[in-house]
Amino acid sequence: MQNICVFCGSSSGHNPIYKEVAYQLGKYLAANGHRLIYGGGNVGLMGITADSILSHGGEAVGVIPEFLQKWEVAHYGLT
């Protein structure tokens with residue numbers, strides 16, 4: 001299994017294509033046996049990518065400092 005690190009926005013942006021591509025990225029990573037390593041949030045494009053890989057049977061690992069958990073909603077359903 002290859003780890004892939006993704007850094008993207010904690011916002012979804014204004015163009016719906018960003019949400020679609022984030023979802024498709026998670027689906028692709030899961031289908032190809034990759035593990036997602038990312039910022040650990042459950043919001044925005046990062047959250048969409050994590051939810052997508054998890055819903056397609058893949059693994060997601062979040063790395064988030066404790067102090068940011070108070071500012072940003074951390075994803076608690078990760079691998």
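Now for a description of the structure that goes with this document. (Residues numbered from 1 in each chain as written. Predicted model: local features only at pLDDT ≥ 70, side-chain atom pairs only at ≥ 80, totals over all residues. Heavy atoms only, no water.)

1. As for helix H2 (residues 44-55)
Using the following cut-off: Helix numbers and strand numbers start at the N terminus; a helix is a DSSP run of H or I with at least 4 residues, a strand a run of E with at least 2. Here the expected length of a helix is defined as 1.5 Å per residue gap, with one fewer gap than residues. The buried label applies to any residue whose accessible area, calculated with a 1.4 Å probe on protein chains only, is under 20% of its type's maximum; exposed applies above 50%, and partly exposed to all values in between. The contact criterion used is simple: two residues touch if any of their non-hydrogen atoms lie within 4.5 Å.
Between its first and last C-alpha atoms H2 spans 16 Å; for 12 residues at 1.5 Å apiece the expected length is 16 Å, and the two agree. For H2, the complete set of buried residues consists of Gly44, Leu45, Met46, Gly47, Thr49, Ala50, Ser52 and Ile53. Against the buried residues of H2 lie helix H1 (16-31), strand S2 (34-38) and strand S3 (59-62). Immediately beyond the C-terminal end of H2, within one or two residues, lies Gly57, with a positive phi of roughly 85°.

2. Digging into the pattern of salt bridges
Here is the rule we go by: Salt bridges are identified by distance alone: a Lys or Arg side-chain nitrogen within 4 Å of an Asp or Glu carboxyl oxygen.
Under the criterion given, the structure shown has one salt bridge. Salt-bridge contacts for Glu59 lead to Arg35; the nearest nitrogen and oxygen are separated by 2.9 Å. Separated by 24 residues along the polypeptide, Glu59 in strand S3 and Arg35 in strand S2 bring together distant segments of the chain. The partly exposed category is assigned to Arg35, whose relative accessible area is 22%.

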